[in-house]
Amino acid sequence: MQLAVFSAKSYDKKYLTSARATELDSSAGIEIIYHDFALSLETVPLAKNATAVCIFVNDNLSADVLESLHANGVRAILLRCAGYNNVDLPAAERLGLFVANVPSYSPEAVAEFAVSLIQTLNRNTHRAYNRVREGNFSLEGLLGRTLHGKTVGVMGTGRIGVAFARIMHGFGCRLLAFDPFENDDFKQYGTYTDLDTLLLESDFVSLHCPLTDKTRHIINEETLSKMKQGAMLVNTSRGGLIKTKAVIAALKSKHLGGLALDVYEGESAFFYNDHSGHIIDDDELMRLTTFHNVLVCGHQAFFTEEALREIADGTIGNLSDFLHKRECKTALVQDQIGMPIARRDSVPIRI
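Treat the numbers as computed from the prediction; the structure is a model and nothing was measured. (Residues numbered from 1 in each chain as written. Predicted model: local features only at pLDDT ≥ 70, side-chain atom pairs only at ≥ 80, totals over all residues. Heavy atoms only, no water.)

**Details of the overall build of the chain**
Argument step 1. Scanning the chain from N- to C-terminus turns up 12 helices and 12 strands.
Argument step 2. For 351 residues, the compact-globule estimate of 2.2 N^0.38 gives 20 Å, and the C-alpha radius of gyration of the chain, at 21 Å, lies within 12% of that figure.
Argument step 3. With the C-alpha coordinates of the chain rotated into their principal frame, the extents come out at 60 × 45 × 35 Å.
Argument step 4. Considering only intrachain contacts with a sequence separation of at least 6, the fraction spanning at least 24 residues in the chain is 69%.
Argument step 5. When the accessible surface of the chain is summed, it comes to about 16200 Å², and 51% of that surface belongs to carbon and sulfur atoms.
Argument step 6. Separation between the mean location of the 35 positive side-chain charges and that of the 42 negative ones in the chain comes to 4 Å. (Helix = DSSP H or I, 4+ residues; strand = E, 2+ residues; numbered from the N terminus. Rg over C-alpha atoms; globule rule 2.2 N^0.38 Å. Contact = heavy atoms within 4.5 Å. Areas by Shrake-Rupley, 256 points an atom, 1.4 Å probe, with all protein chains shown as cover. Lys, Arg positive; Asp, Glu negative; His and termini not counted. Charge placed at Lys NZ, Arg CZ, Asp CG, Glu CD.)

Take a look at the structure:
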């Protein structure tokens, strides 16, 4: 069989050809074809001879794309990520497609990156780095705040949110959390509260919730107005959680003290590729980069050796379940062999 991997980078090729993948290849005769561009309606024909496709966060699996994939013989969709908001799951289930993700991989990788963004933004180390390279050793404008004793709000207490809380607890911070599904693992580090209280009392707010219809633009004009004056906002989860125009307005009014983004709502047009030689025509993204108190990274929080290894192993494991017609614990829909899957209709995916 053939596996078509879309949005493939050099590191994907390295880890997907792991020892486990080699073992599966020898037993099932798998041929892996790598495409460095995203899967879309225009690129579907390149999966014509594939039984399965492997996708990432910015690939488009709308109903039209899924129907075209199915017509071309594809029967399995393997996500090498946790989020699945880019997949039309009802359409996939209707078509009888096997769909599985990797719901958990090195949560500490993302949590640690969120902390590094807070520290960088709070202590202005990014600005200090650039100044010193130009011979400027002035401390003017670099004043930060001690994290010890500050209140940190955690929106979403899945594995990553709890890992983040554990680190911030170590700094001596007071932890507040908001999540419709309380996690006992968090309670040793902080307390749950309602969203309004979290926003009002937190000096730093970090987003660790999935993108759903209910959480889309959960950070908007109304919720930003409830935030503590001068508070900092960090998002390492999904870009669509934040209404970009609203945070720009909050930054301009100086109500929002700082913003650190590893994700962006319109990132699919830019992230994971080099656009340094082109004009970027996203005015909101470019406006964000003009603020001295804003950090924007290219969705790299997950990017560690450990996480890539776990993602590859999880993806290959899902493929193995599909090929051997086994029940897949990370399936997102009822699969083509009739295994009932309850995850999607029970507790939402934690990230």
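**Quick notes on unusual backbone geometry**
Argument step 1. Positive phi outside glycine occurs at asparagine 124, with the angle close to 60 degrees.
Argument step 2. Tracing the sequence through the fold places asparagine 124 in the loop between α5 (107-123) and α6 (125-133).
Argument step 3. Residue class for asparagine 124 comes out buried when judged on its relative accessible area of 8%. (Buried < 20%, exposed > 50% of the residue type's maximum accessible area, 1.4 Å probe, protein only.)

**With respect to helix α7 (residues 159-170)**
Argument step 1. Here α7 spans 17 Å end to end across 12 residues, near enough to the 16 Å set by a 1.5 Å rise per residue.
Argument step 2. Within α7, the full set of buried residues consists of Ile160, Gly161, Val162, Ala163, Phe164, Ala165 and Met168.
Argument step 3. As for α7, its buried residues are in contact with α5, β6 (151-155), β7 (174-178) and β9 (204-207).
Argument step 4. One or two positions beyond α7, positive phi appears at glycine 172, with a value near 90 degrees. (Expected span 1.5 Å × (residues − 1).)

**A word on the packing of α5 against α7**
Packed helix pairs are characterised by how far apart their axes lie and by the angle those axes make with each other.
Argument step 1. Running from amino to carboxyl end, α5 crosses α7 at an angle of 50 degrees, the nearest separation of the two axes being 8 Å. If you check the angle between α5 and α7, you find them oblique. As α5 runs across α7, the sense of the crossing is right-handed. For the pair α5 and α7, the contacting residues are Pro107, Glu108, Val110, Ala111, Glu112, Ala114, Val115 and Ile118 in the first and Arg159, Ile160, Ala163, Phe164, Arg166, Ile167 and Met168 in the second.
Argument step 2. Class assignment of the residues belonging to the contact of α5 with α7 gives a composition of 11 nonpolar, no polar and four charged. (Axes fitted to C-alpha atoms, helices over the stretch in contact; angles between N-to-C directions. Parallel < 35°, antiparallel > 145°, perpendicular 65-115°, else oblique. Left-handed = near helix turned anticlockwise from the far one by under 90°. Nonpolar A, V, L, I, M, F, W, Y, C, P; charged D, E, K, R; others polar.)

**Some details on the pairing of strand β4 (residues 76-79)**
Argument step 1. Covered by surrounding structure in β4 are Ala76 and Leu78 together with Ile77 and Leu79, the residues of both alternating faces.
Argument step 2. Once the chain exits strand β3 (residues 52-55) it traverses helix α3 (residues 63-71) before rejoining the sheet at β4, and the crossover so formed is right-handed.
Argument step 3. Here three bridges tie β4 to strand β5 (residues 98-100), and the two strands are oriented parallel to one another. Within β5, the residue paired with alanine 76 across the bridge is phenylalanine 98.
Argument step 4. In terms of handedness, the path from β4 via helix α4 (residues 89-95) over to β5 forms a crossover that is right-handed. (Right-handed = clockwise from strand over helix to strand, strands pointing away. Pairing = 2+ DSSP bridges.)

**Focus: the packing of aromatic side chains**
Argument step 1. Within this structure, the stated rule accounts for seven aromatic pairs.
Argument step 2. Ring centres 5.3 Å apart and planes at 45 degrees place the aromatic pair phenylalanine 98 and phenylalanine 322 in the tilted group. Within this pair, whereas phenylalanine 98 is found in strand β5, its partner phenylalanine 322 is found in helix α12 (residues 305-323), the two being separated by 224 residues in sequence. An identical accessibility class is assigned to phenylalanine 98 and phenylalanine 322; each is buried.
Argument step 3. Put simply, the rings of Tyr11, Phe56, Tyr272, Phe302 and Phe303 pair up and form one aromatic cluster. (Phe/Tyr/Trp six-rings, centres within 6.5 Å; stacked < 30°, edge-to-face > 60°.)

**What to know about the sheet that holds β7**
Argument step 1. Spatially, the seven strands line up as an open sheet ordered β8-β7-β6-β9-β10-β11-β12, and their pairing is parallel. Here the strands that pair on one side only, and so sit at the sheet edges, are β8 (190-192) and β12 (294-296). When the angles between neighbouring strand axes are averaged without regard to direction, this sheet yields 15 degrees.
Argument step 2. Across four bridges, strand β10 (residues 232-235) lies against strand β11 (residues 258-261) in parallel orientation. Pairing of methionine 232 across the sheet is with glycine 258, part of β11.
Argument step 3. In the packing of α5 onto the sheet, the strands contacted are β9, β10, β11 and β12, and the crossing angle to β10 comes to about 145 degrees.

**As for a negative patch on the surface**
Argument step 1. Together, Glu112, Glu305, Glu306 and Glu310 make up a region of like negative charge exposed at the surface.
Argument step 2. With three residues, α12 is the single largest residue contributor to the negative patch.
Argument step 3. Residue class for glutamate 310 comes out partly exposed when judged on its relative accessible area of 37%. (Patch = residues over 30% accessible without salt bridge, like charges linked within 9 Å, V, L, I, M, F, W, Y side chains within 5 Å. Salt bridge = Lys/Arg side-chain N within 4 Å of Asp/Glu carboxyl O.)

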